[in-house]
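The primary structure of each chain is shown beneath.
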Number of protein chains: 4
Amino acid sequence: MSLKLGMVGGGKGAFSGGVHRIAARLDGQWELVAGAFSSDPDRAAESAADLGIAAERSYGSFAAMAKAEAARTDGIDAVAIVTPNHLHVPVATTFLRAGIPVICDKPLATSVEDAEALVTLVAETGLPFILTQTYTGYPMVREARTLIAAGRIGRVRHIQVEYLQDWLAKPVEISGNKQAAWRTDPAQSGPGGCIADIGTHAFNLATFVTGLVPTAVLADLTAFGPGRALDDNAAVLLRFESGAKGMIWASQVAPGSKNGLRIRVAGEAGGLLWDHERPDDLQYTPIEKPTRTLQHGGDGVATPGRLPAGHPEGYLEAFATLYAEAAGQVRAYRGGTKPSINILLPTVSDGLAGVRFISAAARSSEEGGIWVGL
Amino acid sequence: MSLKLGMVGGGKGAFSGGVHRIAARLDGQWELVAGAFSSDPDRAAESAADLGIAAERSYGSFAAMAKAEAARTDGIDAVAIVTPNHLHVPVATTFLRAGIPVICDKPLATSVEDAEALVTLVAETGLPFILTQTYTGYPMVREARTLIAAGRIGRVRHIQVEYLQDWLAKPVEISGNKQAAWRTDPAQSGPGGCIADIGTHAFNLATFVTGLVPTAVLADLTAFGPGRALDDNAAVLLRFESGAKGMIWASQVAPGSKNGLRIRVAGEAGGLLWDHERPDDLQYTPIEKPTRTLQHGGDGVATPGRLPAGHPEGYLEAFATLYAEAAGQVRAYRGGTKPSINILLPTVSDGLAGVRFISAAARSSEEGGIWVGL
Amino acid sequence: MSLKLGMVGGGKGAFSGGVHRIAARLDGQWELVAGAFSSDPDRAAESAADLGIAAERSYGSFAAMAKAEAARTDGIDAVAIVTPNHLHVPVATTFLRAGIPVICDKPLATSVEDAEALVTLVAETGLPFILTQTYTGYPMVREARTLIAAGRIGRVRHIQVEYLQDWLAKPVEISGNKQAAWRTDPAQSGPGGCIADIGTHAFNLATFVTGLVPTAVLADLTAFGPGRALDDNAAVLLRFESGAKGMIWASQVAPGSKNGLRIRVAGEAGGLLWDHERPDDLQYTPIEKPTRTLQHGGDGVATPGRLPAGHPEGYLEAFATLYAEAAGQVRAYRGGTKPSINILLPTVSDGLAGVRFISAAARSSEEGGIWVGL
Amino acid sequence: MSLKLGMVGGGKGAFSGGVHRIAARLDGQWELVAGAFSSDPDRAAESAADLGIAAERSYGSFAAMAKAEAARTDGIDAVAIVTPNHLHVPVATTFLRAGIPVICDKPLATSVEDAEALVTLVAETGLPFILTQTYTGYPMVREARTLIAAGRIGRVRHIQVEYLQDWLAKPVEISGNKQAAWRTDPAQSGPGGCIADIGTHAFNLATFVTGLVPTAVLADLTAFGPGRALDDNAAVLLRFESGAKGMIWASQVAPGSKNGLRIRVAGEAGGLLWDHERPDDLQYTPIEKPTRTLQHGGDGVATPGRLPAGHPEGYLEAFATLYAEAAGQVRAYRGGTKPSINILLPTVSDGLAGVRFISAAARSSEEGGIWVGL
C-alpha cells in the first residue's frame, strides 16, 4: 500500500513540484492525493485537475489543507513543501501542528530564529521531518561518506566544493523568468541568493560526506547581475573543528556549467572526487596508489544503485531515494514504532545548520569578508 | 487516469521486471494490476504479493492470464513481456489474439519465421506493439537522429557502434548466475548469445540514429568462455544501401566496461558521438569547426529532458519515455482513433529487423565470416 | 658527443621532417649535419640553409648524399628517411649499401617484394635499421605491453584499435594540400591510402602491445572522397594465431577526431585502454576490481616518462624516445659491439609485417571483403 | 647559429635542471656550454662531465662563472638559474652585473625587497630577464588570454584556479627527498611553502590569462605535514581592481592530483576552462551556446602548436616556447636593436608580482586570515 502525499506549492510553471512528484512516484511508495498548488486559486485548481487530484482535495490555502486533511480518516501521510523559501517555515509549522509529517525543500528558513523554532517544534511533535538535500541521495555520494567513515582516506585535511550554474549570467529576472524572480528577491528568498539556493547544497555536501563540524566561515558574496539585490556568486572559506580547511565556490553566473556540483576531499591517506556531471563515478585515490573509478553496484563498492553498474542513474533517482526513505520514517511513525535512525536522511537539524551557514556567510560578506563563527 | 498494466515474467531475481515496473510508474501513466510473474507457481504468487497485486490477478500461466484479463471489464490495457527470449513470441501471440496490446523485450524472437509471423499478426489485429529498445528513449540519442535527419552532418559515411560488458568474462553461468544461465543457453536465447542480447541494441541504434537501410552483414562470433555454447564476443561489419559502412563490436567479456554502448557517425559535413557512460552529452562536430557538447534541454538543443540541462538522467528515464509513449499509443487505440504515428517508438518491424540481423550474423559466422544479405 | 644525422626529404612544407628534427634533438643525442631535403634543387638548398646545414653537405640527390657522406671521415652516423612512401625502399637501399644505418618512416615499402628485399639487405649488412612507428615510443603504450607480457590481463581475447582523422573529409587533395596530394596518389603511396598511412599504425600497435601473431585479415576499404583513388576509410577484422580476435577502424574522414588513435585489449583477467588524446593515462581494469588510471612515472607504474607524473608528455617525446634508442643502437654498431637487443624499437621486420598487412587488406577489399592470410 | 647557454644549479638529482636543458635544446636555439651545477665541487664537476661541458667551463661557484664567462669572447649569451629559491637573487644579480642576460626560475626572490632591487637592476642594465612561468607557454593558455583580450567572454567576473599535487602528503622531507627538503625549509624557500612553490604559478596564470590587476588577497595557509615549517595547503581569496573576484586552492597534500593546475574564468558573455591534465584542450562556452572544445592548431583557433591538432604536446614544449622566445630577446639585445615587446614572455616584473603575492598571503594567514593589499 502506498502512502498518501499532499503538496504545497509546485503548480504549473514551477520546477520543483514536478521533480518531487516523479521522485515520490518512482519507487511506488507514495500517491499524490491532495494539494494547495498555488496561492493563485485558479492556478491551484487547474494544476490539481491536471494532476488528477480530486477537486475536494485541491485547496485554496495551505492552512485550509492542513485542517481538512488532518480531519479526514484518509488524510495525507505527509506533506511536501515546494514553495519559495520564505513560506517553508509557516507551511511546515502549520502542518506539524496539525500532526502531519513534513518533507521540505531547502533552505529550511530565511532566518536562524525561524529555523531554530522549527527544530524545537519538530522535537516537540516527534513527527518525521525530511529536508530534501537531494544530492545526499546519490549512491556515490553515500559511498564517499562510507569510505571516509571507514577511514579509507585517513584524517581529512581539505574539502573543496563547487556548485556552478550559468542561468543568472544575464539579468533574466527582469525578463519574466519566474524561477529567477523569486530567487533574486530578498523578500521571498531571504538574505542569501546564490549562497542560499545552491551554496547550502555545497555546504551540506561537505558536512554530509565528511561528518566534520564546521566552526567558522568567511564569505565574499557578489551580485554581478546589474541591479540584482542578492548575491549570484559566492567565494567561501571554511574552518572545521578538527583543523581541516574548506572552500566553496558557488556561482549562478558561471558559463560552462549548468548544474556543476563537485566535491573533493583530501585526506592523510587518500583522496576522493565526486562530480555531479558524472554522478555514477567516484574517483578514489588511496595514497601512493593509482586512482580508481568506483561505480554504484560495481566491483568493490558497498553502495548499490537501483540498476547494475554501467546503467546511468541521475537526479530523479537520488531524489526518489529520499522519498523512499521518508516513506520508511513515516510508516514507522504511523505504526507507532520508533523509526530506526537513518543517519543518511537529512533532517530539520541539517536545515538549521544550512540556515546558520547562510546567515553567517551573509554577515561575513557584509562586514567586508571576515571570519564568522558557526 | 492511469492505464492498467499486466506483466509476464519479471518475478523475484529477474533483472528486467523491476526495471519495467519503475519505467511504467515513473511518469504516472501506468498501474501494474496483474501478472504471471514466473513459471514456478510459488515464485509467481510470492512475487505478486510483494508487488501488491490482488491474488485473483496473479496467474499461474500467461495463457490463463490472457484469457482472464480479456474477459474482465477492468482488464489490463497492455501486457509487458519480460521473459527469456524464447517465450516472447508465444506470449505475445497469446495476448494479441486476446486483443491485448503488447510491450515486449528484445530480441523479438529466436527465429526469423517466428518474428515474421508476429509482424503479420500485429498487422492483422491492429493492436499497438512496442519493442523496448531502451536506448532509443535517451534524449541525446533522439537529438542525434534529429540532427542527422536535418542534414547537419551531411551524407553518412561510417557508423561505428560498440556495446561492451564484462559480466561474462568468467564462466558465471555454471556458478549459479540466473541471468547468465538463460542468456548462454541456445534453448532459451536462440541462436545468438552476445549478438542477440546486446548486439541487437547496437544494430538498432545504428539504424535508429541514421535512418539508413542495412543490406549486408559479416560477423566473426566467438565464445571465449570455456564450454560456452553461444557467442560472448561479436566482431561485425555492415554495409548500407546508401554506400555507408558500419562496424559493431559487441562483447560481454570486455573488462573495463559494464554497459558501454557508444555510437559514432561520420558524415560528409560533420560527426556525432554518443556514449552511454555519459548519456546527457552528445558530441557534435560540424566539419572544420570545434566540437560542441550538446546537452538535453541545453543551449541550441531541440530535445528536452525531464529536467533542465545539468541534471543527469539515465536508463530509467529513457525506459520510462518508451512507456509514456506506449501509453499514448494505447490510449489512442482504446479511444478508437488511429494513433498518430510516433516514428521514434520501436515497433514489431524493428524487432523483425533485429532478428534478421541476429540470424544473418550467426550464419555469416558459421560459414567462416562471409557477407550475408539482410 | 652527439651523433651526426643526415636527412632525405623533409624540406619546407613537409610535415614529417620538422618532427624528426625536433625528436632527434630533444635528448641531445643527434646533430643534423647533412641532407637531401627535396628533389627540387632550389627547395633543397633553401631548406638546408634554413636549417644551418653547411652548403657542401646539402645534396641535390640522395644518391649523391650517400656516396659523399660514406666517403667522409666525419660522415653521418645515420640517415633519416622522411620522403613519400614510394621512395623509402630506394633511399634505404642506397644508404644501407653505402654502410650507413637507417631511420625510416612507415610504411616501409609500397610492395611486399620490396619490403622483403629490404629485410634481406638489412640482415646482410648487419646495419641498424629503425622504423619510426612513433606510437610505440609512448610510455603508457609500453606500460600496456609490459602489463600484458606479465600476464596482468591474462590471455588476450579481443583487440580493438581505431585511428581516426578528419583532414580528408573534404577533397583537399585537389585544392593544393601537398600532404593530401601524395597520400592519395597510388604512385607515391602504394596500394593503400588510409590503410597504409594510419591503418599500419593501428596494426602495429595491436601487435606491439599484445605480442600476438596475426594470421588473417578481412578489410572493407572505401574511398568516400569524390574522385579519390585510394581508400580514406578502412573497416578491418583480424584473427590471431592464439584464437584472439581484432578489429581496426581507420578513417581520415571522421569529423570529431584529429588524430584519434585508441586501443583496447580485453583479456581473461582484465582489460586495458589507451587513448592518444590523453596519452599520459592508461586505464587498467583487473577483473572484478575497479578501473585504475595509471600514469607514467606514477604510483604502481614501471614505465617512467621524462618528467614526473602529472607533467603531460606527447608526440614529440614519444618520437624522441625512438631517436634516443636509435642512438644506442648506432653507438653499439659503431663501437663494434653487438647492440643489446631492444625489443621495443621497431625494426625492418615490423615494417615488412605492416606492408604485408596493407597488401592483404587491399586484396581482401578488392575481392569483396574476404579473409586473406597474413 | 644557436646561442650559448650557461646554467647555475641543476646538477645530478635536481629536477629542474634537466627540464631546462631539454627545453633549451628542443627548438635548436640554445647550446649548453658552461655551468656551475652544484655548490658541491665534486658533484658540479661530475654533472658537467655527464653533460659534455668542457672542464674549463665547469665552475666551482656562480661568481667565478659570471666573471670568467663575461671575459670570454665566446662567453655565454645567457644564464639559466635553476637553484633553490634563496639563491635566485644573488645569482641573478651577479650575472646581470656581469652584463649577462638571465633566465630564472620562479619564485623570483624570497623577499619583496630583494625582488624590487632586482627589478631596478634589470631596468638599469637593460638586459633581457626571463622568468620561467612555464604554464604561460602552453598554446591553449595563450589562446585563453587571446580570447579574453578580444572580449569573447566579456567582462570577467570570477577567476578560479587550483594547483594540486600530492607528493607532500606524507612527510617525505624527513626521509631523504631532496626536492622536498629544500622546498619545506624556510631558509631555502623563503616564507612560503606551497603558496610559493605552486601558488605563484596559479596566481601568475590568473593574471596572465585575464590581464586583470589584483588588489587584495586573503589566505588561510596550513602546514598539515607533521613538523612541517611551511604551508603545504593554501586556501586563497583574491579581489581585482575591476571588481572581479578570484579563488586559489593550492595544495601539495591532495591525493588524486599529481600536477593538477586548472583555471576557469567566468565572464559576462562566456566562460573558459583549461586543465593541465589535458593541456591541448580549451573549453570555451559562449553564453547561451554549447561548450566548444578548442585545440591548438585546430579549427577556429588562432594559436598554433608545434604539431597539427590531435598531436599531444606537453610541459616540455611549453617550456621550450619560453626558451625559444628568450632566444629572440637575447638576439635582439646582442644585435643592438631593441627587442620587440613580447607581452607573453614573463619578466622580472611578473616575478615581483609573484613575490608580493607570496608575502601578502603569508602575512594574511599569520594574522588569522585577513584581507591584505597587493
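Here the structure is a predicted model, which means the values were calculated and not measured. (Residues numbered from 1 in each chain as written. Chains lettered and ligands numbered in written order. Predicted model: local features only at pLDDT ≥ 70, side-chain atom pairs only at ≥ 80, totals over all residues.)

J.: What should I look at first to understand the overall build of chain A in this one?
T.: Looking only at helices and strands, chain A has 11 helices and 14 strands in total. Since a compact globule built from 374 residues should have a radius of gyration of about 21 Å, the 20 Å found for chain A is in line with a globular shape. Evaluated residue by residue, chain A yields a buried proportion of 63% over its 374 residues. Put simply, 70% of the contacts in chain A that link residues at least 6 apart link residues at least 24 apart. (Helix = DSSP H or I, 4+ residues; strand = E, 2+ residues; numbered from the N terminus. Rg over C-alpha atoms; globule rule 2.2 N^0.38 Å. Buried ≥ 20, exposed ≤ 12 C-beta atoms within 10 Å, placed from the backbone. Contact = placed C-beta atoms within 7 Å.)

J.: Would you take a moment to explain unusual backbone geometry for this structure?
T.: With the exception of glycine, most residues fall at negative phi, and the peptide bonds are largely trans. Cis geometry marks the peptide bond from Lys-106 of chain B to Pro-107 of chain B; its omega dihedral reads -10°. Following the sequence through the fold, Pro-107 of chain B ends up in the loop between β4 (102–104) and α5 (112–125). Phi is positive for Glu-288 of chain C, close to 65°, though the residue is something other than glycine. Position of Glu-288 of chain C among the secondary structure elements: in the loop between β12 (281–286) and β13 (291–295). Classification of Glu-288 of chain C by C-beta neighbours within 10 Å gives partly exposed; the count is 14.

J.: What's the story with the domain arrangement of chain A in this structure? I'm lost.
T.: The accessible area lost on association of the parts is a frequent measure of interface size. Residues and elements named next belong to chain A. Segmentation of chain A into domains returns domain 1 (3–135 + 317–346) and domain 2 (139–309 + 353–373). Computed from C-alpha atoms alone, the centre-to-centre distance between domain 1 and domain 2 is 25 Å. Each partner contributes residues to the interface: domain 1 has 17 residues there, and domain 2 has 22 residues. Its residues assigned to classes, the side of domain 1 that touches domain 2 shows 9 nonpolar, 6 polar and 2 charged. (Domains from an automatic or database assignment. Nonpolar A, V, L, I, M, F, W, Y, C, P; charged D, E, K, R; others polar.)

J.: Mind showing me how you'd approach the relation of the copies chain B and chain D here?
T.: Superposing chain B onto chain D requires a rotation of 180° together with a translation of 0.0 Å along the rotation axis, leaving an RMSD of 0.0 Å. Viewed as a symmetry operation, the transformation between the two copies matches a two-fold axis. Measuring from the rotation axis to each C-alpha of chain B, the shortest distance belongs to Arg-292 of chain B, at 2.2 Å. By residue overlap, the copies meet face to face through one surface: 100% of the interface positions of chain B are interface positions in chain D. (Least-squares fit on C-alpha atoms with pLDDT ≥ 70 in both.)

J.: Honestly, the nonpolar core in this entry has me stumped. Any pointers?
T.: Side chains that are nonpolar tend, in soluble globular proteins, to be buried together. With 505 residues, the main nonpolar core has Val-102 of chain A, Val-102 of chain B, Val-102 of chain C together with Val-102 of chain D as its most contacted residues. Beyond its immediate stretch of four places on either side in the chain, Val-102 of chain C contacts Ala-78, Val-79, Ile-81, Ala-92, Phe-95, Leu-96, Leu-127 and Phe-129 of chain C. (Core = buried A, V, L, I, M, F, W, Y, C linked by C-beta atoms within 7 Å.)

J.: Would you explain the sheet that holds strand β3 (residues 78–81) of chain A in this entry?
T.: Two strands in a sheet stick together by hydrogen bonds in their backbones, pointing the same way (parallel) or opposite ways (antiparallel). Residue and element names in this part refer to chain A. The strand order across the open sheet formed by 5 strands is β2-β1-β3-β4-β5, and the pairing between neighbours is parallel. Two strands close off the open sheet at either side, each with one partner strand: β2 (30–36) and β5 (129–131). Each neighbouring strand pair of the sheet contributes to a mean axis angle of 25°, computed without reference to strand direction. Bridging between β3 and strand β4 (residues 102–104) involves 3 bridges; their strand directions are parallel. Each bridged residue has a counterpart across the sheet, and for Ala-80 the counterpart in β4 is Ile-103. (Pairing = 2+ DSSP bridges. Axes fitted to C-alpha atoms, helices over the stretch in contact; angles between N-to-C directions.)

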